[in-house]
Amino acid sequence: MDKYHLLQQYRFDTMKDVEANLSEETPHFFIRQDIDVLKSEIEGLQNELQITIPQDLIDFWKNVGVGQFYAEPPDEYAGCYQIMSVKRILGVYFAEADKQHSYNTIRADAKNFLVEYDLLAFCEFDEYSALYIALHPDSTGQYAVFSAPTIKIATSLEEFVGKLLEEPDYFLESDDFDE
């Protein structure tokens, strides 16, 4: 949890706990997950997609959980940043796993990015958009985060989280990270 110690205050056991604590002072939330169930789900996702999930994302799920940043964002922000669970990621990539029929708008892009660019959708930030994490580390061992196939918005998941906590929607205002 060292990387994400600032998120400790936003970790809860249940959605009931989240609902009781969500406020302007606690605008984010993450739900702790059972590690054995998580390991099984990760293995299933890797088998379905024929990929290896980046260790950074696995560590985030284990140490922080799934949930969202800016659960009640001010109007000027684009939206919430939902770190998807394994099951939600399956829904993005496989129509039959999409229980709420939420992902028709990003499914084709996500599949294209996965195949062509080795990027995995891991975070929704509005109803039509996802953010992607590199499936392979760069030369420094980091898994970059992208908003589009060639638009890198952070060198790692940790950097993305830090920047997002400092300035919501930071990457929508700047092209500093383009490659």
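This section reports on the structure supplied with the text. (Residues numbered from 1 in each chain as written. Predicted model: local features only at pLDDT ≥ 70, side-chain atom pairs only at ≥ 80, totals over all residues. Heavy atoms only, no water.)

Let us look at unusual backbone geometry. Of note in the backbone geometry, Asp118 takes a positive phi value of approximately 55 degrees without being a glycine. Tracing the sequence through the fold places Asp118 in the loop between helix H5 (104-117) and strand S5 (119-126). On the basis of relative accessible area, Asp118 is assigned to the partly exposed category, the value being 33%. Positive phi, close to 65 degrees, is recorded for Asp169, a residue that is not glycine. Note on placement: Asp169 falls in the segment after helix H6 (157-166). (Helix = DSSP H or I, 4+ residues; strand = E, 2+ residues; numbered from the N terminus. Buried < 20%, exposed > 50% of the residue type's maximum accessible area, 1.4 Å probe, protein only.)

So, about the pairing of S5. Burial analysis of S5 places seven of its eight residues in the buried class, which makes it a mostly covered element. Inspection of the sheet shows strand S4 (residues 81-83) paired to S5 by two bridges, in the antiparallel sense. Residue pairing for S5: Gln82 is matched across the bridge by Glu124. The pairing of S5 with strand S6 (residues 129-134) spans six bridges and is classified as antiparallel. Bridge pairing links Ala121 to Tyr132 in S6. Linking S5 back to S6 in an antiparallel pair, the connection comprises two residues. (Pairing = 2+ DSSP bridges.)

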